[in-house]
Amino acid sequence: MGDCHGCPAATITIPPPPFQTRRQIVAIVGPPNSGKSTLFNRLTGLRQKVANFPGVTVEHRMGRVKLEGDREVFVVDLPGVYSLNPRSEDERVTHDVLTGQMKELPKPDAVLLILDSTNLSRHLVLAAPVLSLGLPTLVILNMADDLAGRGGEIDSAELAMQLGAPVALVSAAKGEGVDKVFQFLAGTTQGAPKQKAMMELPVIQDIPKCRAWASSAGSKAGYHAPAPPLWTRRLDRIFLHPLFGPLIFVLVVIGVFETIFSGAKPIMDAMQDAIQTLGDQYVAKMIGNDALRSLIVGGVMKGVGSVVVFLPQILLLFLFIGILEDSGYLARAALIADRTMAKFGLQGKSFIPLLSAYACAVPAIMATRTIENKRDRIATILIAPFMTCSARLPVYTLLIAAFFPEHPVAALLGLYIIGFLAAISTARLLKSTVLKSSRSSFMLEMPPYRWPTFRSLGLRLVDRSKVFLRRAGTVILGVAVVIWVLGSLPLEHGKPLPPEKIQESVMGKVGHVAEPAIRPLGFNWKIGIGLMTSLAAREVIVGTLGTIYGMEGTSQSAGLQQALRQDLTPGGAAALLVFFAFAMQCMSTIAVVRRETGGWKWPALQFAYMTVFAYVAAFATNHIVSQFVH
Amino acid sequence: MTWKANYWTLGIELQMSFKKRAARISDKTKRVARNLTELKRGESGILDRLDLPEDDARRLMELGFIPGHAVIPAHSAPGGDPRVFRVDGSEVALRRETAMRLLLR
């Protein structure tokens, strides 16, 4: 190989980074698990945001890095890739951004190539295609502390000579050596190494050849691979033990589940009360105009508030997922769950999102990002809303208390079970038809165990809250206003209709018109209105029914239970429960599916499928139950 | 209707003879090349080739399953599937059906 100085093929002229005039863009590239995000967080802190490239589901993060003298550069964190061969969507995005083919983003001015120094021979393979792009590149060898701790070594100056690019030995998690990255960004590293590669880069993108090139580059730079990670081996002996492994797995699952439900409950109740008090005591008194007060307090604050109260639960869930993922346990959990998930045509990585969906489908769908296989990911997204989310509980509680008070636990358990069965049978259906894929696609790298850092967990939570609240401020706000308007028109003496007269409103009229369609399910027009308002969020139906019947609209309200018993048959009540178990009565879920799948195709299909499923099941339930109970 | 039945039996015969042939071939490869699932836990083997569609093979090679490199089976999920393999400085879990297509020298 190119050990020659004057050999023309070996020459790659890398211009010094020209960071002077306009804002520069620097791309961060690296294989998965190389610490890209950690470095990105280190560089940008809170000055970052998540964005999607239009038309693709791959998301990237943009951030600003402050340099000396009020200068700034933009950094883009690209998806983790092993090569630049544009095969998967992630790789295509990375490839397109680096070659300037991504329309929304100008070609980067420089590249930070981040590699795991404890696994350098394998990670260096990516250096070949990245360096041959000819952009100014800093090769960052991350996890330097780990490398030294486990007795490995590398001569970074020599490696820089071999590659013809500056090399920095860094520990992004501890912040060691990050100053070299800032120096590079400030454009002060021009003089350091010779801008000429001593090794010829492999021209053909053949993996064994690139791998041999990487080994040779590493050994020329005195690379000694570190000893195997002792602690990881020790911990795997416990976490992947044939007996204790599954036991710990089940305990972790129960622990997460329990904390999400019980742990978040007091905070959620407190938030609910706070929103209620804020609306009734303060905001209501501040607004003189009746119509405006009704819109703000009854429409916006109630609608948006009923969704915002889920924020503590969602954050707690993401805190757990963050800890599990950053520590490396998530990969082990996926391994243990894989066999079971394979029976439904899914794979181990679908497990955590589906578990999360018992709290709320929205974070669950966001959590499917860890599934690389696109078909498996879409299948998981499509079945997640069948899992019994916490928003269904108020509805279930009200109806079970009113109609099936003798067997509350059995009824509730039954509803959880039918939701689960619908999910797995839908998964099987999808995976044997539209989302068919070869079963051999499960390949999962087991990262070494690491301590999660407060910094990355914190930034993750900030990130998720922003996404969630932005949606609450846009889609859900819009729906809440529309529902309020439909429920308050036409005006009565120039004022919006009071809540007691909802049947006279536009929505009430629509309810009457729609009644023939829902009559076969055993529902009357009042339930019809409830179904419509519950599109904003499932539990809204409880409040709506309270309003219509002129009772206190909570699931514990005895008056409301009494009113429902007189107005609904047991068949109709059972049908309503079944309808709620299966229907996709949730705007937020529709919005997040659209965002995550990059279009309206999947959410539209999902909404249609779940609604038809719910309708048919409710119809059958009404008729079967009516045969036995009168 | 007899011609239809004839075609049908012919089809079955063809299929059966094809199956026999396929079985013979797989017997032969079995004798010649061992695959990853035949390694005992902790026993090292040298990878020879990846008998998989190109996409899967590429992805596995990127993860370290490169012909000529050593592979060592390690822990597994309960029941032995999927299993973690130590390869080229990292640990990668594969399902049994994938591991069976990775042939050893």
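Just so it is clear, the structure is predicted and the values come from calculations on it, not from any experiment.

Definitions and cut-offs
Sequence order sets the numbering: in each chain, residues are counted from 1 along the sequence as written. Written order decides the labels, with chains lettered from A and ligands numbered from 1. In keeping with the model being predicted, local features are shown solely for residues with a pLDDT of at least 70 and side-chain atom pairs are shown and tallied solely at 80 or more, while totals for entire chains, interfaces and linings include all residues. Where side-chain values are given, they derive from all heavy atoms of the structure, hydrogens and water being excluded. Throughout, the protein atoms alone are placed on a 1 Å grid, and a set of points is a cavity if a 1.4 Å probe fits but cannot get out or a pocket if it is open with protein on both sides within 12 Å along at least five of seven lines; lining residues have an atom within 4 Å of a point. Grid points are joined across faces, edges and corners, and a volume is the space filled by probe spheres set on the points. Strands are runs of DSSP state E lasting at least two residues, helices are runs of H or I lasting at least four, and both sets are numbered from the N terminus onward. In this classification, the charged set is Asp, Glu, Lys and Arg, the nonpolar set is Ala, Val, Leu, Ile, Met, Phe, Trp, Tyr, Cys and Pro, and all remaining amino acids, among them Gly, are polar. pLDDT expresses how confident the predictor is about each individual residue, on a scale running from 0 to 100. Only heavy atoms enter the contact rule, under which two residues are in contact if any of them lie within 4.5 Å. For this analysis, a salt bridge means a side-chain nitrogen from Lys or Arg found within 4 Å of a carboxyl oxygen belonging to Asp or Glu. A simple rule labels every residue: compare its accessible area, found with a 1.4 Å probe on the protein chains alone, to the largest value its type can have, and call it buried under 20%, exposed over 50%, or partly exposed in between. Axes here refer to lines fitted to C-alpha atoms; in helices the fit is confined to the stretch in contact. Angles between the N-to-C directions go from 0 to 180 degrees. Working definition: roughly parallel below 35 degrees, roughly antiparallel above 145 degrees, roughly perpendicular at 65 to 115 degrees, and oblique for all remaining angles. Here the quantity called buried area is the accessible surface, traced with a 1.4 Å probe, that two parts lose on coming together, added over both. Each patch groups residues whose relative accessible area exceeds 30% and which form no salt bridge, using 9 Å between like charges and 5 Å between nonpolar side chains of Val, Leu, Ile, Met, Phe, Trp and Tyr. Working definition of accessibility: Shrake-Rupley area with a 1.4 Å probe, residue cover restricted to the visible protein chains. Centres within 6.5 Å are what make two rings of Phe, Tyr or Trp a pair, Trp counting through its six-membered ring; a difference in plane orientation under 30 degrees is then read as stacked, over 60 as edge-to-face, and the rest as tilted. In this scheme, Lys NZ or Arg CZ marks a charge over a ring once it lies within 6 Å of the ring centre and within 35 degrees of the ring normal.

**Details of empty space enclosed by the protein**
Residue and element names in this part refer to chain A. Summed over all chains, the structure comprises 10 cavities of 30 Å³ or more. There is about 150 Å³ of room inside the largest cavity. Around the largest cavity, the lining comprises 16 residues; the ones closest to its centre are Phe-310, Cys-360, Ala-391, Cys-586 and Ser-588. Elements with a minimum of two residues in the lining of the largest cavity: α15 (361–367) and α25 (587–597). Looking at the lining of the largest cavity, its residues break down into 11 nonpolar, 3 polar and 2 charged.

**Topic: the confidence of the model for chain A**
Residues and elements named next belong to chain A. For chain A, the mean per-residue pLDDT works out to 82, and 88% of the residues sit at or above 70. When pLDDT is averaged over each element of chain A, helix α24 (residues 570–582) comes out on top at 95 and strand β2 (residues 48–52) at the bottom at 63. Taken as a whole, residues 1–14 scores under 50 in pLDDT and shows 27 contacts with residues more than four places along the chain or in a different chain. Between residues 189–194, whose pLDDT stays under 50, and residues either more than four places distant or in other chains, the model counts 11 contacts.

**What about the pattern of salt bridges?**
Residue and element names in this part refer to chain A. Following the criterion strictly, the structure yields 25 salt bridges over all chains and no others. A salt bridge links Arg-519 to Glu-515; its shortest N-O distance comes to 3.0 Å. Arg-519 gets classed as partly exposed once you look at its relative accessible area, which sits at 46%. Put simply, Arg-595 and Glu-596 hold a salt bridge, and the shortest N to O gap is 3.4 Å. Judged by relative accessible area, Arg-595 falls into the partly exposed class, the value being 23%. When its relative accessible area of 3% is taken as the criterion, Glu-596 is described as buried. Taken together, the shared-partner salt bridges in this structure form one network comprising Lys-36, Arg-61 and Asp-77.

**Some points on the packing of helix α22 (residues 540–549) of chain A against helix α23 (residues 558–567) of chain A**
Any two packed helices are characterised by how steeply their axes cross, that is the angle between the axes, and by the distance between the axes. Residues and elements named next belong to chain A. It is the contact of α22 with α23, at a shortest axis distance of 10 Å, that shows an interaxial angle of 80°. By the criterion of interaxial angle, the relationship of α22 to α23 is roughly perpendicular. The residues of α23 that touch α22, namely those facing Val-542, Leu-545, Gly-546 and Tyr-549, are Leu-560, Ala-563, Leu-564 and Asp-567. Across the contact of α22 with α23, the residue classes tally to 6 nonpolar, 1 polar and 1 charged.

**Considerations on the confidence of the model for chain B**
Taken residue by residue, chain B gives an average pLDDT of 78. The fraction at 70 or more is 70%. For residues 1–17 of chain B, every residue scores under 50 in pLDDT, and the model assigns this stretch 0 contacts once sequence neighbours within four places are set aside.

**Things to note about the interface of chain B and chain A**
Each partner contributes to the interface: chain B provides 29 residues, whereas chain A provides 33 residues. Across the chain B to chain A interface the summed buried area is about 3,000 Å²; carbon plus sulfur atoms make up 53%. Remark: the boundary between chain B and chain A carries 4 salt bridges. One salt bridge in this structure joins Asp81(B) and Arg339(A), with 2.9 Å as the shortest N-O distance.

**Some remarks on a nonpolar patch on the surface**
Residue and element names in this part refer to chain A. Judged by side-chain polarity, Val-482, Leu-486, Leu-489, Leu-491, Val-506 and Val-510 come together as a nonpolar surface patch covering roughly 450 Å² of accessible area. Of all the secondary-structure elements, those providing two or more residues to the nonpolar patch are α19 (454–488) and α20 (506–518). Residue placement: Val-482 occurs in helix α19. Of the residues examined, Val-482 reaches a relative accessible area of 48% and is grouped as partly exposed.

**Observations concerning the packing of aromatic side chains**
Residue and element names in this part refer to chain A. Under the criterion given, the structure shown has 11 aromatic pairs over all chains. Relative to Tyr-449, the ring of Phe-239 lies with its centre 5.6 Å away and its plane at 50°, an arrangement referred to as tilted. With a gap of 210 residues between them, Phe-239 in helix α9 (residues 230–239) and Tyr-449 in the loop between β8 (443–446) and α19 connect regions that are remote in the sequence. A residue is classified by how much of its surface remains accessible, and Tyr-449, at 15% relative accessible area, is buried. An angle of 90° between the planes, with centres 6.2 Å apart, marks the rings of Phe-523 and Phe-579 as edge-to-face. Of this pair, Phe-523 sits in the loop between α20 and α21 (525–533) while Phe-579 sits in helix α24, and the two are 56 residues apart along the sequence. By relative accessible area, Phe-523 is classed as buried at 0%. Among the aromatic residues, those joined into a ring-pair cluster are Phe-386, Phe-582, Tyr-609 and Phe-613. When the ring centre of Tyr-449 is taken as origin, the NZ or CZ atom of Arg-332, which lies over that ring, is 4.1 Å away. Just above the ring of Trp-600 sits the side chain of Arg-594; from NZ or CZ to the centre is 5.5 Å.

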